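Here are the chains, one letter per residue:
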Amino acid sequence: MRTQGHGWQGTVLKLMGAKDYVLTVTGAEDVTPDYRRVHLTDGGMLAATGVHPTMWVRLWFDNGGKPHQRAYTLVDPDPAAGTLSLEFALHEGCASDWARAAKPGDTIEATVQGTGFQHPRPAPSHVFAIGDPASLPALNSLLDALAPAPATVWFEGKPDGLPFHDDTADVRTVPRPGLVDAVRAELPALLGAAEHPYVWIACDTTTTRTLAAYVRKELGVPKERTHALGYWRAT
């Protein structure tokens, strides 16, 4: 384990009990021209923290000389081998720039704090998930954890070539912007037919907040049967 300063954000996280690790790149591959998977060793992280569904870490990037952190979901974490992968939906920014250039031997600092997962009880009879390329790794982890429950997924963007784990899910692709309208039009009837539904929302912050309020306040889904987390901010 390695501890370094990461500006005021790092100081706050450290006060909250965060732990820092150094990950080392072992390889990388372009899944699509706009989606890249980076393979890493974990610096002892997984053995110390354990692994749970949708687990994520904060990665630290240099942004013009200032520390910049972004959260990424672990892909195929293997505590015994001390390895994991991370997937990047590529766009402009220092995180994507790092992922594009990542090569064996490169290192990246990671902080573990704030991640968690609770299995809904009773187990879902149907999963309703709303996401996009940025949240696809978490979506895959969620569907793996809640299998064999059937799933309906509203996915914003083009899924062509992206690594969906569950080939039985009903994936409804929605052009951006369009998630809010699509979910409002289609979710109520589907929700009414599910005995124990579970709703998971992970897209841009504004859309996530809008849909979370809609699901809880207008559709009446209890808070414990929903999970909503903004994965990025639209500009």
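My aim in this report is to walk through the structure given alongside it, one point at a time. Values in this document were obtained by computation on a predicted structure and should not be read as measured data.

The topology assignment puts R176 in the loop between strand 10 (170–174) and helix 5 (179–192). Note on R176: relative accessible area 44%, which makes it partly exposed. Along the primary structure R176 and G157 are separated by 19 residues, whereas in three dimensions their C-alpha atoms are 6.1 Å apart. Every residue in contact with R176, bar those within four places of it in the chain, is listed here: E156, D204, W232 and A234. Side chain to side chain, R176 and E156 meet in a polar contact 2.9 Å long. At 3.3 Å, the side chain of R176 and the side chain of D204 are in polar contact.

Turning to the sheet that holds strand 12 (residues 226–228), a few remarks are in order. Pairing in this open sheet of five strands is parallel, and the strands run 10-9-8-11-12 from one edge to the other. The open sheet is flanked by strand 10 and strand 12, the only strands paired with a single partner. Between one strand and the next, the sheet's axes are offset by a mean angle of 10 degrees, whatever the strand orientation. As paired strands, strand 8 (residues 126–131) and strand 9 (residues 151–156) are joined by five bridges and run parallel to one another. Counted as the bridge partner of G131 is F155 from strand 9.

Evaluation of the coordinates by the stated rule reveals 10 salt bridges. Two residues, R37 and E29, come together in a salt bridge whose shortest N-O distance is 3.5 Å. Given the relative accessible area of 14%, R37 is considered buried. Classification of E29 by relative accessible area gives partly exposed; the value is 34%. Between E186 and R172 there is a salt bridge, with its nearest N and O atoms 3.0 Å apart. Here the residue E186 occupies a position in helix 5, and R172 occupies one in strand 10, the gap between them amounting to 14 residues.

For any two helices packed against each other, the geometry is given by the interaxial angle and the distance between the axes. The interhelical angle for the contact between helix 5 and helix 6 (residues 205–218), taken along N-to-C directions, is 20 degrees, at an axis separation of 10 Å. Taken together, the axes of helix 5 and helix 6 are roughly parallel relative to one another. Along this stretch, helix 5 crosses helix 6, giving a crossing that reads as right-handed. Seen from helix 5, the contacting residues are L179, V180, V183, R184, L187 and P188; seen from helix 6, they are T207, T210, L211, Y214, V215 and E218. Taken together, the residues that form the contact of helix 5 with helix 6 break down as eight nonpolar, two polar and two charged.

Criteria and cut-off values
Residues numbered from 1 in each chain as written. Predicted model: local features only at pLDDT ≥ 70, side-chain atom pairs only at ≥ 80, totals over all residues. Heavy atoms only, no water. Helix = DSSP H or I, 4+ residues; strand = E, 2+ residues; numbered from the N terminus. Buried < 20%, exposed > 50% of the residue type's maximum accessible area, 1.4 Å probe, protein only. Contact = heavy atoms within 4.5 Å. Polar contact = N/O pair within 3.5 Å; in protein donor to acceptor, adjacent residues only side chain to side chain. Pairing = 2+ DSSP bridges. Axes fitted to C-alpha atoms, helices over the stretch in contact; angles between N-to-C directions. Salt bridge = Lys/Arg side-chain N within 4 Å of Asp/Glu carboxyl O. Parallel < 35°, antiparallel > 145°, perpendicular 65-115°, else oblique. Left-handed = near helix turned anticlockwise from the far one by under 90°. Nonpolar A, V, L, I, M, F, W, Y, C, P; charged D, E, K, R; others polar.

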